[in-house]
Amino acid sequence: MTPLIGIEEEYLIVDPHTRHVAPRAADVLAAATNVMGEDITQEISQFQIEARTAPSSDLSELGARLRAARTEVAKAAQECGLALVASAMPVLGQPGPLPLTNDPRYENGQVRYRALQDELCICALHVHVDVPDEELAVFVGNHLRPWLPTLIALAANSPFFVGRDTGYASWRVISWGRWPVSGAPPYFASFEDYERAVGALWESGALMDAKTLYWDARPSSILPTIEVRVADVPLDVNDSLTIVGLIRGLVVTALGDVARGDRGLPIGAEVMRAAYWRAARDGLEGACLDLRAGELVPAPEMARRLLHHVRRAVGDAGDLPFVEDGLDRLMRRGSGAVRQRSVHRRDHDLADVVDDLIVATVA
């Protein structure tokens, strides 16, 4: 049986005149709620908004829902004199403390995490894939770990941050990695190991609630899913769907491996950290560390290895032609980070980058 998938995408609200992020997500939320209901929600900062799709096993159906969501949120933003941007961090804006959404949870986070929240204006693609139970989700996470850097490279869409080129394809990954519970999940030899680790994190004060277990692959705190949250929000919906198809393929492949008694390859945290750094820095234009083979290879070759690894599962879901075409397209034209830098090289003006993002978000 092909597992259900649910998608969440986070977007930035920008002023189309200044091209800076605008702290008016509440206005956009109010304008969109009548049409979208619970499929749109607030985020931690007033610069962001999140759209969700209802679960489906059909990738084309999810694509239609995601396009409709982007269109409706963009329309609501336009009604407020604003615009919507699918970029993982603000291209233009002012650094400093975030204008937080009025919510006790976010206010408590400010007390606990302090200046860590100053750059928490990040937009990601979150993918929920159905799994039978939490224990299986933990072991599936073990199997996903070697492939997470490749997904980072494919989805990279945050080269600029508040007016400067960071030198990275995904600055979101680097900025987010400073949090106490973030990045790649640890390797867990047993479910008891997982429970002990989570208990210790609670005792340390690093967790405010179950939702702050911010690993890039984690058992959902409220749904029978594994949530994979490693990717920048892509600029192109088809890129989002390509990554979603690969993630479901990884989860299904991992479930088969776990059923055969394979708990996954125990890669050290320090090696995972280095692989994340390399993928976030170079994106698809550089090299990725193949964590299973222990060698550095061109990022496109690593993407091909990922497709080979999940080919059967992707094919069984009926997604293989779409995912193959999506990867070919990414190899030819690059990720969102490549597009952003290409626009900037042409005109040397970050305002033009934002203008291009506004158009492309709903293209």
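Okay, so let's go over this structure. (Residues numbered from 1 in each chain as written. Predicted model: local features only at pLDDT ≥ 70, side-chain atom pairs only at ≥ 80, totals over all residues. Heavy atoms only, no water.)

1. Some words on the packing of aromatic side chains
With the rule as written, the count across this model stands at eight aromatic pairs. Taken together, a centroid distance of 4.6 Å and an interplanar angle of 50° make the contact between Tyr 113 and Trp 179 tilted. Linking Tyr 113 in helix α3 (residues 104–113) with Trp 179 in the loop between α6 (171–176) and β8 (182–183), this pair joins segments that are 66 residues apart in sequence. Residues Tyr 113 and Trp 179 agree in their burial class; the two are buried. (Phe/Tyr/Trp six-rings, centres within 6.5 Å; stacked < 30°, edge-to-face > 60°. Helix = DSSP H or I, 4+ residues; strand = E, 2+ residues; numbered from the N terminus. Buried < 20%, exposed > 50% of the residue type's maximum accessible area, 1.4 Å probe, protein only.)

2. Quick look at unusual backbone geometry
In this model, Arg 114 sits at a positive phi of 55°, which is unusual for a non-glycine residue. Turning to its location among the elements, Arg 114 is positioned in the loop between α3 and β5 (124–130). The class for Arg 114 is exposed, based on a relative accessible area of 58%. One non-glycine residue, Val 162, lies in the positive phi region at around 40°.

3. What to know about helix α12 (residues 336–347)
An ideal rise of 1.5 Å per residue puts 16 Å on 12 residues; α12 measures up with 17 Å between its terminal C-alpha atoms. Among the residues of α12, those classed as buried are Gly 336, Ala 337, Val 338, Gln 340, Arg 341 and Val 343. Contact partners of the buried residues in α12: β6 (160–161), β7 (164–165), α11 (320–333) and α13 (350–361). Positioned one or two residues after α12, His 348 has a phi angle of 55°, which is positive. (Expected span 1.5 Å × (residues − 1). Contact = heavy atoms within 4.5 Å.)

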